[in-house]
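# Observations on the three-dimensional arrangement
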Amino acid sequence: MNAVMEQKMTYQVPHLINGKPIKSTGRQLDIYNPATGQLAGFSNAADQALVDQAVKAAKDAQVSWAAKTPTQRAKMIFKFKNLLDANMNELAKLISQEHGKTIAEAKGSIQRGIDVVDFTCNIPYHLRGSYTDEVASGVDSFSLHQPLGVCVGITPFNFPGMIPLWMFPIAIACGNTFVLKPSEKDPSCPLRMVELLHEAGVPEGVVNVVQGDKEAVDALITHPDVRAVSFVGSSAIAEYVQTTAIKHHKRAQAFGGAKNHCIVMPDADMDQAASAIVESAYGSAGERCMAISVVVAVGDQVADELIKRMKPMIENLKIGPGHLDAIDMGPLVTKPHWERVQSYVALGKQEGASLIIDKSQHKPAGHEDGYFMGGCLFDNVTPNM
């Protein structure tokens, strides 16, 4: 059964442990449709007992999963890759309705995740060991790649399809098992992808999904049976996850928040530069680490030329629900996130920057309660702002 329930008044996104959907009764975590501002569904926060259940399922499955040859595991992952391709439209729709991305953006992000799954299908080659004889007199050297055990992935709201696909396919291809904790803001796509993994023949328990927030994260990164943790999210939480996981003797990789800066030199192609900047800054409503938030123009003439070209592009951005055709920018993911970005616009004006394009109050007709903003552009910004 598809564990992502059909939307009626509201839908519940369950946990997925040992291949079975589990509807717990923990704290309710609301899921909103950002295009309407209406409550769309909910999940329930996993507690320590439920996390223990998920980790145990992964630990119990790991020995038999690791005993399969790399080729056997790769064949299942190849089937999973084909299922991702076949279900691209469904996955993109799930992302759009919970995150707000346009369908084109959602599909693009899933494809970047599938690219990693493509790489994973060749895991037998990457797991080859090495052998060197006579590295010293009478001494030979060889290396083996062996799985760690239970791994954990904690993924952010802004790429609910792509970033989980950076994590669990590679982990399980190497013989590990996995517990995924997706963002509570948009958990349906990650859950559906793990269902597709089971359809591809990967045994139950190899990948499990727990819904939740900090309580679930803390239970996972301190669990004695978890061997490795991977995290993508804000810098403050990345530091917390990294230090806590290491303190509890786990391998950890934690990617913190980022934004790109762009320097435009006087000899740049201004049309190309303006187009690239606008696409990067306002694509995905700016909710990505690849967003250009600051442009440094070398010389006032360069700045004036850039603004001249960028202004009509920004003013003509088509803002609306992501599922509609020809939309350039969808809503922000939640009301608190919308309020935060609004506060940045207010702060920029307060600090004396010139707000030369202000679409902060833009609301598409018929979606006045959605978390929409149009493009904004500041000029005359100083380093201390």
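Whatever comes next refers back to the structure up there.
Residues numbered from 1 in each chain as written. Predicted model: local features only at pLDDT ≥ 70, side-chain atom pairs only at ≥ 80, totals over all residues. Heavy atoms only, no water.

### Side note on the overall build of the protein
The condition that has to hold: Helix numbering and strand numbering both begin at the N terminus, where a helix is a DSSP run of H or I of at least 4 residues and a strand a DSSP run of E of at least 2. Radius of gyration: over C-alpha atoms. The globule rule applied is 2.2 Å multiplied by the number of residues raised to the 0.38 power. Each residue is assigned to one of three classes by its accessible area relative to the maximum for its type, calculated with a 1.4 Å probe on protein chains only: buried under 20%, partly exposed between the two thresholds, exposed over 50%. Only heavy atoms matter for contacts: two residues are in contact if any of them lie within 4.5 Å across the pair. Surface accessibility follows the Shrake-Rupley procedure with a 1.4 Å probe radius. Residue values consider only the protein chains on display as shielding.
A tally of regular secondary structure across the protein gives twelve helices and 16 strands. Computed over the C-alpha atoms, the radius of gyration of the protein is 23 Å, within 12% of the 21 Å expected from 2.2 N^0.38 for a compact globule of 385 residues. Taking the principal axes of its C-alpha atoms as reference, the protein extends roughly 70 × 65 × 40 Å. Across the 385 residues in the protein, those meeting the buried criterion constitute 50%. For the protein, the proportion of contacts with a sequence separation of at least 24, taken over those separated by at least 6, is 72%. Counting only carbon and sulfur atoms, one obtains 53% of the accessible surface of the protein, whose full area is about 18500 Å².

### Thoughts on the pattern of salt bridges
Filter applied, for reference: The working definition used for a salt bridge is a side-chain nitrogen of Lys or Arg within 4 Å of a carboxyl oxygen of Asp or Glu.
As enumerated under the stated definition, the model contains 14 salt bridges in all. Among the ionic pairs, aspartate 213 bridges to arginine 27, the shortest N-O distance being 2.8 Å. Pair noted here: aspartate 213 is in the loop between strand S10 (207-209) and helix H8 (214-221) and arginine 27 is in the loop between strand S3 (20-22) and strand S4 (28-33), with a separation of 186 residues, a long-range link. Residue aspartate 213 is classed as buried on the basis of its relative accessible area, which comes to 18%. Note that aspartate 85 and lysine 81 form a salt bridge whose closest N and O atoms lie 2.9 Å from each other. Taken as a pair, aspartate 85 and lysine 81 lie in helix H2 (residues 70-86) at a separation of four residues, close to a single helical turn. Linked by salt bridges that have partners in common, Glu90, Arg192, Glu195 and Glu199 make up one network.

### Overview of the sheet that holds strand S5 (residues 38-44)
The line we're drawing: A pair of strands is considered paired only if DSSP assigns at least 2 bridges between the two. Lines are fitted to the C-alpha atoms to define the axes, a helix being fitted only along its stretch in contact, and any angle between axes, read from their N-to-C directions, falls within 0 to 180 degrees.
Taken in spatial order, the three strands make up an open sheet running S1-S5-S4, and their pairing is mixed. Single-partner strands in this sheet number two, and they are strand S1 (11-12) and S4. The pairing of S1 with S5 spans two bridges and is classified as parallel. By the bridge assignment, glutamine 12 is partnered in S5 with phenylalanine 42. Each of S1 and S4 touches helix H3 (residues 88-99); the most contacted strand, S4, lies at about 100 degrees to it.

### A short note on the pairing of strand S14 (residues 292-297)
For clarity, the cut-off: A crossover gets the label right-handed when its path from the first strand over the helix to the second runs clockwise, viewed with the strands pointing away from the viewer.
Sheet topology places strand S13 (residues 260-264) next to S14; five bridges connect them, and they run parallel. Pairing of isoleucine 263 across the sheet is with valine 296, part of S14. Read from S13 through helix H10 (residues 270-282) to S14, the crossover connection turns out right-handed.

### What to know about the environment of glutamate 90
Examined against the element boundaries, glutamate 90 turns out to sit in helix H3. Separated by 102 residues in the primary sequence, glutamate 90 and arginine 192 have C-alpha atoms spaced 9.2 Å apart.

### Re the packing of aromatic side chains
Basically, it comes down to this: Two rings from Phe, Tyr or Trp (for Trp, the six-membered ring) form a pair when their centres are within 6.5 Å of each other. A pair whose planes differ by under 30 degrees is stacked, one over 60 is edge-to-face, and the rest are tilted.
In this structure the tally under the stated criterion is two aromatic pairs. The interplanar angle of 55 degrees and the centroid separation of 6.3 Å between the aromatic rings of phenylalanine 168 and phenylalanine 178 together place this pair among those described as tilted. Placement of the pair is phenylalanine 168 in helix H6 (residues 162-173) and phenylalanine 178 in strand S9 (residues 177-181), with a sequence separation of ten residues. As far as the burial class goes, phenylalanine 168 and phenylalanine 178 line up, both buried.

### Points about helix H9 (residues 235-247)
What counts, and what does not: Multiply 1.5 Å by the residue count of a helix minus one, and that product is the helix's expected span. The arc under discussion is defined with respect to the helix axis, by the directions toward the C-beta atoms.
Its 13 residues place the ends of H9 18 Å apart at the C-alpha level, agreeing with the 18 Å of an ideal helix rising 1.5 Å per residue. For H9, every residue scored as buried is listed here: Ala238, Val241, Thr244 and Ala245. End-on view of H9: buried residues confined to an arc of 145 degrees, all on one side of the axis. Exposed residues lying more than 90 degrees from the buried face of H9 are Ala236, Glu239 and Lys247. In this fold, the buried residues of H9 make contact with H8, strand S11 (226-232) and strand S12 (251-255). At the exit of H9 stands histidine 249, carrying a positive phi of roughly 65 degrees.

Purely geometric stuff here, so don't read any function into it on its own.
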